[in-house]
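Chain by chain, the residues run as shown.
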Amino acid sequence: MERTFVMLKPDAVQRGIVGEIISRFERKGFKIVAMKMLKISRELAEKHYAEHKGKPFFEGLLNYITSSPVIAMVIEGKNAVKVVRSIVGATNPAEAQPGTIRGDYGLDVGRNVIHASDSLESAKREIALFFSSEEIYEYSKYDENWIYEKN
Ligand code: DAT
Ligand code: MG
């Protein structure tokens with residue numbers, strides 16, 4: 001089982017679509033093992049998006065992500081990193097496939113609704129940035145034998 005970091009960005013909260021988005025991950029069979037609302041500090045935003053420092057969109061990205069609360073989550077499941085990225089869709093919502101979250105809910109790359117880790121390594125780093133180990137729950141879910149052939 002893998003864990004990945006997912007964040008519903010300020011526009012998702014402001015537009016009242018967090019429930020719909022979280023439902024998509026639940027329906028797929030993923031397990032939410034951590035979740036909280038927070039207003040991201042500039043310092044945390046800079047760490048989270050460190051790889052983009054110096055790019056022309058960096059300043060706008062930081063302003064956007066720190067402008068209003070977000071929902072941060074850790075999602076667990078088989079091939080979680082790759083499968084969650086495919087549910088999220090391409091970075092630019094105007095190009096993201098219909099049926100993906102960005103393809104269904106956005107139009108502008110600077111308001112693309114959701115973040116998801118792009119690799120197992122990024123997932124580990126991002127989870128540690130947002131959650132302490134006590135905030136991540138290990139529990140069994142009653143439907144696991146109906147989602148996975150083998151646990
Ligand atoms: P992703 O969020 O799909 O992993 P990324 O890591 O390349 O994409 O970029 C991080 C965020 O930065 C992205 O969600 C939106 C913003 N961004 C990326 N490219 C951009 C661009 N060309 N113009 C404006 N914002 C951009
Ligand atoms: Mg990225």
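Refer to the structure presented above.
For clarity, every value in this text was computed on a predicted model and none was experimentally measured.

1. Quick word on the packing of aromatic side chains
Taken as a whole and judged by the stated rule, the model has one aromatic pair. Aromatic side chains Phe5 and Phe130 sit 4.5 Å apart centroid to centroid with 25° between the ring planes, which places their arrangement in the stacked category. Pair noted here: Phe5 is in strand S1 (residues 2–8) and Phe130 is in helix H7 (residues 120–130), with a separation of 125 residues, a long-range link. Stacked on the ring of Tyr139, the Lys or Arg Lys31 has its end atom at 5.1 Å from the ring centre.

2. A short note on the sheet that holds S1
Pairing in this open sheet of four strands is antiparallel, and the strands run S2-S3-S1-S4 from one edge to the other. Either end of the sheet is taken by a strand with one partner, and the two such strands are strand S2 (31–38) and strand S4 (114–116). Neighbour to neighbour, the strand axes of the sheet diverge by 15° on average, direction disregarded. Summarising the sheet, S1 and strand S3 (residues 70–77) pair through seven bridges and their orientation is antiparallel. Paired with Glu2 across the bridge in S3 is Gly77.

Parameters and conventions
- Residues numbered from 1 in each chain as written.
- Chains lettered and ligands numbered in written order.
- Predicted model: local features only at pLDDT ≥ 70, side-chain atom pairs only at ≥ 80, totals over all residues.
- Heavy atoms only, no water.
- Phe/Tyr/Trp six-rings, centres within 6.5 Å; stacked < 30°, edge-to-face > 60°.
- Helix = DSSP H or I, 4+ residues; strand = E, 2+ residues; numbered from the N terminus.
- Lys NZ or Arg CZ within 6 Å of the ring centre and 35° of its normal.
- Pairing = 2+ DSSP bridges.
- Axes fitted to C-alpha atoms, helices over the stretch in contact; angles between N-to-C directions.

By themselves, these are just geometric observations and shouldn't be taken as functional.
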